[in-house]
Amino acid sequence: MDVDIVCVGFGPAAGGFLTTLSRHLVKEDGAPAVESGVMPGLPPQVVCYERADGIGFGVSGVVTRARGIRASFPGIDPSQIPMAAPVTSEKVLYLLDPVGASRRSVALRLADRLIRALHPLLPFERDALELPYIPPFLRKHGGMLLSVGQFNQWVGERIMTDGLIQIWPGTPVGSALIEDGWVKGVRLLDQGVDKQGNPDAGYMPGMDIRAALTVIADGPVGAVGRQIDEQFGMPPGHEQRDWAVGMKMVVQLPEGCALRPGTVLHTFGYPEPEIFGFLYVYPDRTASVGIFVPSWFQNPVRTSYRYLQHFVLHPYLWRHLEGGTMLSWGAKTLQESGRRGEPYLAGNGYARIGEGSGSTNVLTGS
Ligand SMILES: Cc1cc2nc3c(=O)[nH]c(=O)nc-3n(C[C@H](O)[C@H](O)[C@H](O)COP(=O)(O)OP(=O)(O)OC[C@H]3O[C@@H](n4cnc5c(N)ncnc54)[C@H](O)[C@@H]3O)c2cc1C
């Protein structure tokens, strides 16, 4: 099949790109702003393939200052988006170790003792010290809490309403088609194969989608992005790729829970000093609670899953979570290398966007 633009993956990056693109495909009178190269007389033919079964899959809860989102949707009202809430309160907490299981340096142990000794004078509660100051990179005031899944669904519906762009969920891209040093489109994965990859009931060989431009938006460790990295290499000095692991639970908070929608808690200090944690509260007593295990953290013995258990059991958090119900949980990688991991953003027939393009800045956030 021939199209003008093919996009790999429908995450927040592709959602933003396709939203902007959809506004420039036709003029006000409905005539094509640019003519399609494959269907003369029509606007450019744009197709996006997402491997997940729906466009509403995602890493669930995030907090964002929403600068990019507001640029794409001026005047956006969070109440229009399912599960979204404006940020109403923010805290950064230093969690002390209530059980003595973390690997703390001598200096940190001394600091912990001092905090415990002075606790009546400090904003200290249930083994947690509230910082009097929120560092700028963590300040989300004026921003919003979003379920990425719900938000993607909302964005995807808007993109598809005018019929100019097609988004196909349940359609994984197998590889980029590379010919003579040019990306010429993508090859979809075979469908209906058994575990060994042999044709099974409903077998359909993966189609070749040829396009003038292939936009790769397949996230922090996408197979197609990595194929492009291997094929074209990285810009000089940009070879280092580092990933953190983010792991979280979505929890239905117990009835009577004091946390209000829009609450943002960021933590450090426990279950290990290097591990960052978060708890975000959405409407309908739903919360997202999780940790980031950084790439530079080395411990062959304990797993992120185990650490997440320890984290939610910290007394400061557990009093809110006890009696709640875990609705789902999952993990995802997070690009930590920033500019050092930035690949060539555009090349022969392709462009890179989103986390695979190295644009995630874990210090400033979104
Ligand atoms: C636990 C956790 C918490 C986070 N919290 C925040 C936060 O609070 N605020 C914030 O701003 N950011 C947060 N992030 C980061 C944020 O989720 C990412 O930066 C963002 O999702 C990146 O968007 P993306 O579109 O580039 O990639 P992704 O969201 O990874 O989307 C890529 C899409 O491509 C699809 N795909 C991949 N390969 C293929 C293929 N071969 N064929 C078809 N489809 C494919 C995937 O299924 C996916 O839907 C968090 C991340 C994690 C892990």
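Residues numbered from 1 in each chain as written. Predicted model: local features only at pLDDT ≥ 70, side-chain atom pairs only at ≥ 80, totals over all residues. Heavy atoms only, no water.

## Here we look at a nonpolar patch on the surface
Moving on, step 1. On the surface, a nonpolar cluster with roughly 390 Å² of combined accessible area is contributed by Leu114, Leu118, Leu121 and Leu122.
Moving on, step 2. For leucine 118, the location among the structural elements is in the loop between helix H3 (106–117) and strand S6 (124–125).
Moving on, step 3. With relative accessibility at 38%, the residue leucine 118 sits in the partly exposed group. (Patch = residues over 30% accessible without salt bridge, like charges linked within 9 Å, V, L, I, M, F, W, Y side chains within 5 Å. Areas by Shrake-Rupley, 256 points an atom, 1.4 Å probe, with all protein chains shown as cover. Salt bridge = Lys/Arg side-chain N within 4 Å of Asp/Glu carboxyl O. Helix = DSSP H or I, 4+ residues; strand = E, 2+ residues; numbered from the N terminus. Buried < 20%, exposed > 50% of the residue type's maximum accessible area, 1.4 Å probe, protein only.)

## A closer look at the pattern of salt bridges
Moving on, step 1. Considering all chains together, one arrives at 9 salt bridges under this definition.
Moving on, step 2. The partner of arginine 103 in a salt bridge is glutamate 272, with the nearest N and O atoms 3.9 Å apart. Of the two residues, arginine 103 is situated in the loop between strand S5 (89–95) and H3 and glutamate 272 in the loop between strand S16 (263–268) and strand S17 (276–282); the sequence distance between them amounts to 169 residues.
Moving on, step 3. Among the residues examined, arginine 103 registers a relative accessible area of 41% and is labelled partly exposed.
Moving on, step 4. Look at glutamate 272 and you get buried, because its relative accessible area is 0%.
Moving on, step 5. When the shortest N-O distance is used, the salt bridge between arginine 187 and aspartate 208 registers 2.5 Å. Of this pair, arginine 187 sits in strand S11 (residues 182–188) while aspartate 208 sits in strand S14 (residues 208–216), and the two are 21 residues apart along the sequence.
Moving on, step 6. Judged by its relative accessible area of 40%, arginine 187 falls in the partly exposed class.
Moving on, step 7. Here aspartate 208 falls in the partly exposed class, since its relative accessible area comes to 24%.

## Some details on the sheet that holds strand S8 (residues 144–147)
Moving on, step 1. Taking strand neighbours across the sheet as the criterion, the 3 strands line up as S3-S8-S4 in an open arrangement whose pairing is antiparallel. In the strand order of this sheet, the two ends are held by strand S3 (61–64) and strand S4 (85–86), each with one partner.
Moving on, step 2. Of the strand pairs in this sheet, S4 and S8 are connected by 2 bridges, and their pairing is antiparallel. The residue of S8 that forms the bridge with proline 86 is methionine 144.
Moving on, step 3. Helix H4 (residues 148–161) rests against S3 and S8 of the sheet, and its axis sits at about 85° to S8. (Pairing = 2+ DSSP bridges. Contact = heavy atoms within 4.5 Å. Axes fitted to C-alpha atoms, helices over the stretch in contact; angles between N-to-C directions.)

## Thoughts on the sheet that holds S5
Moving on, step 1. Ordered by their spatial adjacency, 8 strands build an open sheet running S6-S7-S5-S16-S17-S18-S15-S19, and the pairing between neighbours is mixed. A strand with exactly one partner marks an edge of an open sheet, and here the two such strands are S6 and strand S19 (325–335).
Moving on, step 2. Contacting S5, S6 and strand S7 (128–130), H3 runs over the sheet at an angle of about 120° to S5.

## Quick notes on the nonpolar core
Moving on, step 1. Grouped together as the largest cluster of nonpolar side chains are 27 residues, with contacts concentrated most on Phe10, Leu18, Phe151 and Ile165.
Moving on, step 2. Among the elements of the structure, strand S1 (2–8), helix H1 (12–22), strand S2 (46–49), S8, H4 and strand S9 (165–168) are those that each provide at least two residues to this core.
Moving on, step 3. Among the elements that make up this core, the one with the highest residue count is H4 (4 residues).
Moving on, step 4. Those residues in contact with phenylalanine 151 that lie beyond four places of it in its chain are Ile69, Phe73, Ile81 and Leu146.
Moving on, step 5. In this structure, Val251, Val293, Val312 and Leu317 belong to the second largest nonpolar core, which totals 26 residues. (Core = buried A, V, L, I, M, F, W, Y, C linked by side-chain atoms within 4.5 Å.)

## Brief notes about the side chain of threonine 263
Moving on, step 1. Of note, threonine 263 is situated in strand S16.
Moving on, step 2. One polar contact links the side chain of threonine 263 to the main-chain carbonyl oxygen of arginine 260, over a distance of 2.5 Å.
Moving on, step 3. Those residues within four positions of threonine 263 in sequence are excluded, and the remaining contacts are Thr88, Ser89, Leu145, Leu279, Tyr280 and Val281. (Polar contact = N/O pair within 3.5 Å; in protein donor to acceptor, adjacent residues only side chain to side chain.)

## Some words on helix H6 (residues 304–312)
Moving on, step 1. Ser304, Tyr307, Leu308, Phe311 and Val312 are the residues of H6 that are buried. Considered in projection along H6, the buried side chains sweep an arc of 130° and stay on one side of the axis.
Moving on, step 2. Contacts from the buried residues of H6 go to S5, strand S15 (243–252), S16, S17, strand S18 (286–293) and helix H7 (315–321). (Arc of directions from axis to C-beta.)

## Some remarks on the domain arrangement of the protein chain
Moving on, step 1. Domain parsing of the protein chain yields domain 1 (2–82 + 148–240 + 338–357) and domain 2 (88–135 + 242–335).
Moving on, step 2. Each partner contributes residues to the interface: domain 1 has 12 residues there, and domain 2 has 13 residues.
Moving on, step 3. When the two sides are added together, the surface that domain 1 and domain 2 hide from each other amounts to roughly 1100 Å², 50% of it contributed by carbon and sulfur.
Moving on, step 4. At the junction of domain 1 with domain 2, the criterion picks out 1 salt bridge.
Moving on, step 5. Here domain 1 is connected to domain 2 by 5 residue pairs in polar contact (both at pLDDT 80 or more).
Moving on, step 6. In terms of residue count, S3 provides more of the side of domain 1 that touches domain 2 than any other element does, 3 residues in total.
Moving on, step 7. Residues that form the side of domain 1 that touches domain 2 fall into these classes: 5 nonpolar, 4 polar and 3 charged. (Domains from an automatic or database assignment. Buried area = accessible area lost by both parts, 1.4 Å probe. Nonpolar A, V, L, I, M, F, W, Y, C, P; charged D, E, K, R; others polar.)

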